[in-house]
Amino acid sequence: MKTVLMAYYSHAGHTARIARTIHDEIISTGNACDMVDMMECVREGVDWDKYDIVIVGSPIVYGVYNKIVWQFCSKFQHILETKPNSFFNVTVVARSPLKATPEGNKYLQRFVARSPWKPRDLKCFAGKVDYPNWNWFERFMIRIIMKITDGPTDPSVSIDYTDYEDVRGYARHCLILDLLQGRR
Ligand SMILES: Cc1cc2nc3c(=O)[nH]c(=O)nc-3n(C[C@H](O)[C@H](O)[C@H](O)COP(=O)(O)O)c2cc1C
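In what follows, the accompanying structure is described.

Calculation notes
- Residues numbered from 1 in each chain as written.
- Predicted model: local features only at pLDDT ≥ 70, side-chain atom pairs only at ≥ 80, totals over all residues.
- Heavy atoms only, no water.
- Helix = DSSP H or I, 4+ residues; strand = E, 2+ residues; numbered from the N terminus.
- Buried < 20%, exposed > 50% of the residue type's maximum accessible area, 1.4 Å probe, protein only.
- Contact = heavy atoms within 4.5 Å.
- Pairing = 2+ DSSP bridges.
- Right-handed = clockwise from strand over helix to strand, strands pointing away.
- Salt bridge = Lys/Arg side-chain N within 4 Å of Asp/Glu carboxyl O.

## Things to note about the side chain of serine 86
Okay, so step 1: With respect to the secondary-structure elements, serine 86 resides in strand 4 (residues 85-91).
Okay, so step 2: Given a relative accessible area of 0%, serine 86 falls into the buried group.
Okay, so step 3: Excluding its chain neighbours within four sequence positions, the residues that come into contact with serine 86 are Val54, Ile55, Val56, Trp117, Asp121, Leu122, Tyr170, Cys174 and Leu177.

## As for the pairing of strand 1 (residues 3-8)
Okay, so step 1: In terms of residue burial, strand 1 counts as a mostly covered element, since six of its six residues are buried.
Okay, so step 2: Burial of strand 1 is two-sided: the residues Thr3, Leu5 and Ala7 facing one way and the residues Val4, Met6 and Tyr8 facing the other way are all buried.
Okay, so step 3: Pairing analysis gives six bridges linking strand 1 to strand 2 (residues 32-37), with the strands arranged parallel. Within strand 2, the residue paired with threonine 3 across the bridge is alanine 32.
Okay, so step 4: Chirality of the crossover, the property in question, places the unit of strand 1, helix 1 (residues 14-28) and strand 2 among those that are right-handed.
Okay, so step 5: Bridge count between strand 1 and strand 3 (residues 53-59): five bridges; the pairing is parallel. Across the sheet, residue tyrosine 8 finds its bridge partner in strand 3, namely glycine 57.

## So, the pattern of salt bridges
Okay, so step 1: Under the criterion given, the structure shown has eight salt bridges.
Okay, so step 2: Two residues, lysine 2 and aspartate 178, come together in a salt bridge whose shortest N-O distance is 3.2 Å. Placement of lysine 2 in the segment before strand 1 and of aspartate 178 in helix 8 (residues 177-181) is noted, with a sequence separation of 176 residues between them. Like lysine 2, the residue aspartate 178 is buried in the burial classification.
Okay, so step 3: The shortest N-O distance in the salt bridge between lysine 128 and aspartate 130 comes to 3.9 Å.
Okay, so step 4: Counted as one network, the salt bridges with shared partners bring together Glu25, Glu165, Arg168 and Arg172.

Listed below in structure tokens is the structure:
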């Protein structure tokens, strides 16, 4: 049995839902998983000895990763490098297949370039356009971006672009990262 740390940041709840799907899939295979907010990891610390594999996930909000993601990556860079690991991001640009690949997703490329920790496995998930649950400013800003990028602009719509079968497949893939990346 393997024990996985699923560390995540979520601005509006959707990345938490993806992290929960990964967590549940890992548990369903008879392995163990702790799903922990990156804020808790940074502020309270992590019992790293418990974990065989680490998955880190974050959304993009206004073109950037939250500062807690950078704090997590720099604070734990050295320990992350000793564990089989994967990083995923969640963006609405990834609703287009070209931008759903690590090579085609500029936010993921920027992460790899800037992060002191270089993840050994990468994944992009399409996120959610959730106008009813966003505040007026968020709605306003995303509607402009959607207008430019030919996405939905109706402020009453909520569209979940995430492919949950792909999320579950990714969770199972992460369970063999120790074999793919080798134990250190
Ligand atoms: C305020 C705000 C800004 C966003 N900015 C971007 C962006 O710059 N690029 C992008 O692809 N998606 C952007 N998104 C879409 C989010 O990445 C997507 O909604 C994701 O599902 C949010 O995950 P969360 O609920 O865990 O925060 C933005 C969403 C919000 C609410």
